[in-house]
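Listed below, chain by chain, are the residues.
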Amino acid sequence: MARRELGPASLAVAHAVASVLPSAPVVIGCSGGADSLALALGARWAGTRCGAEVRVIVIDHGLQDGSDEVARRVVELLTREGMTAESRRVRIDADAPGGTEAAAREVRLAALASDGFPVLLGHTLDDQAESVLLGLLRGSGTRSLAGMAGERGPFIRPLLGVRRAATVQACAEWDVEPWEDPHNTDDRFRRVRARGHLEELSGAMGADVAPALARTASLARMDADLLDQLAVRACAGHDLTRELPVEAVAGLPDALRLRVLRDWLLAHGAPNVAMVHVMALDLLLRDWRGQGAVGVPGGRVERRGSALHHSRT
């Protein structure tokens, strides 16, 4: 009997990548952990079959001692596996809004996309479930429950239907040893704490809750995408970078009105807009009693007659 080319876990990863891999140059973001390492090797397998040029970039954030050595070893491992790989050092602004974790993510994504090619990321179903839990804790509505998109802009996440345990097993089947990032067990990070709580919740409920949360993300994303489109249509003809006329928005259904207010804040460059800011603006819009300006990220909003005005601080 012919020997199978891949084991069951590596085959599942490879097929997931092959289902989205374009027959054109692509970049794989790889930290050396099991998820991204399995992604890279799955892309190698799929790329040889569709003719895609696959290149791996290892981002060195410089946030841990010896991070440059870790990046070098990951590049060496991938090179031994016959892949084109390089490391790139990025600089993180520790004082950036949202904290170090968010700043590192933004800088990492920018570096991966800087060559102008599609970028494959190794987020799994378990990562999606954690994102939904964090969204629930934020309490920011449907969009916060939608988790990570399978594809948005240049970024593609082929493994959102694959479990983390499968990527670990896939690495074993490919006979490669992933790097264990100490940050993945550091409970200073919200995502690490969310991971622990999901495990506790699954144990308490006697059932694995991650698939249900990931499914919720898919359904919530469908609804949120449609409502966002309707909100754009609702304010068509109004320049969101200027004042916002009350009569154009006040009569909209709640789901659309709140989205228009959020988009208006974003159009004025407000960073990290949360639902609490949107709700405060809604009071200016629908419950106007002469109250003063409302503070929002990066500025303030006040009602002047029949319009909302934004000013930077």
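Data block above holds the structure.
Residues numbered from 1 in each chain as written. Predicted model: local features only at pLDDT ≥ 70, side-chain atom pairs only at ≥ 80, totals over all residues. Heavy atoms only, no water.

Undergrad: Any details on the sheet that holds strand β8 (residues 294-296)? Residues and values, ideally.
TA: The antiparallel open sheet is built from four strands, whose spatial order is β7-β10-β9-β8. Every interior strand has two partners, whereas the edge strands, β7 (244-245) and β8, have only one. With six bridges connecting them, strand β9 (residues 299-304) and strand β10 (residues 307-312) associate as antiparallel partners. When the bridges of β10 are listed, Val301 appears paired with His310. Helix-sheet contacts for helix α11 (residues 254-267) involve β7, β8, β9 and β10, and the interaxial angle to β10 is about 35 degrees. Against the sheet, helix α12 (residues 275-286) makes contact with β8, β9 and β10, and its axis sits at roughly 150 degrees relative to β8, the strand it touches most. (Pairing = 2+ DSSP bridges. Helix = DSSP H or I, 4+ residues; strand = E, 2+ residues; numbered from the N terminus. Contact = heavy atoms within 4.5 Å. Axes fitted to C-alpha atoms, helices over the stretch in contact; angles between N-to-C directions.)

Undergrad: Can you explain the packing of α11 against α12? Please cite residues and give values.
TA: To describe two helices that pack against each other, one gives the angle between their axes and the distance between the axes. The interhelical angle for the contact between α11 and α12, taken along N-to-C directions, is 110 degrees, at an axis separation of 9 Å. On the basis of their axis angle, the class for α11 and α12 is roughly perpendicular. Contacts from Asp254, Arg257, Leu258, Leu261, Arg262, Trp264 and Leu265 of α11 reach α12 at His277, Val278, Met279, Leu281, Asp282, Leu285 and Arg286. Residues that form the contact of α11 with α12 fall into these classes: eight nonpolar, one polar and five charged. (Parallel < 35°, antiparallel > 145°, perpendicular 65-115°, else oblique. Nonpolar A, V, L, I, M, F, W, Y, C, P; charged D, E, K, R; others polar.)

Undergrad: Tell me about helix α3 (residues 67-80), and name the residues and values.
TA: Since the α-helix packs 3.6 residues into each turn, any two residues three or four apart lie on the same face. End to end, α3 covers 20 Å across 14 residues, agreeing with the expected 20 Å (1.5 Å per residue, within 8%). Every buried residue of α3 is accounted for by Ser67, Val70, Ala71, Val74, Val75, Leu77 and Leu78. Mapping the buried residues of α3 onto a view down its axis gives an arc of 160 degrees, with all of them on the same face. Of the residues in α3, the exposed ones pointing more than 90 degrees away from the buried face are Arg73 and Arg80. The inward-facing, buried residues of α3 contact α2 (34-50), β2 (54-60) and β3 (84-89). Phi for Gly82, located one or two positions after α3, is positive at around 85 degrees. (Expected span 1.5 Å × (residues − 1). Buried < 20%, exposed > 50% of the residue type's maximum accessible area, 1.4 Å probe, protein only. Arc of directions from axis to C-beta.)

Undergrad: Any details on the sheet that holds β3? Residues and values, ideally.
TA: Read from one edge to the other, the open sheet built from six strands follows the order β3-β2-β1-β4-β6-β5, with strand pairing classed as mixed. Of all the strands in the sheet, just β3 and β5 (151-152) have a single pairing partner and so form its edges. Of the pairings in the sheet, the one linking strand β4 (residues 119-120) to strand β6 (residues 155-156) comprises two bridges and is parallel in character. The residue bridging Val119 from the neighbouring strand is Phe155, located in β6.

Undergrad: Account for the pairing of β10, naming residues and giving values.
TA: Sheet analysis places β7 next to β10, joined by two bridges and oriented antiparallel. Residue Leu244 lies in a different strand from β10, and its bridge partner there is Leu308.

Undergrad: A description of the packing of α2 against helix α7 (residues 164-173) should follow, citing residues and the corresponding values.
TA: As a packed pair, α2 and α7 sit with axes 8 Å apart at the nearest point and diverge in direction by 60 degrees. Compared by their axis directions, α2 and α7 come out oblique. As α2 packs across α7, the resulting crossing turns out to be left-handed. Listed contacts from α7 to Ala34, Asp35, Leu37 and Ala38 of α2 are Arg164, Thr167, Val168, Ala170 and Cys171. (Left-handed = near helix turned anticlockwise from the far one by under 90°.)

Undergrad: Report on unusual backbone geometry, specifying residues and quantitative values.
TA: Positive phi outside glycine occurs at Asp175, with the angle close to 60 degrees. Topologically, Asp175 is positioned in the loop between α7 and α8 (190-205).

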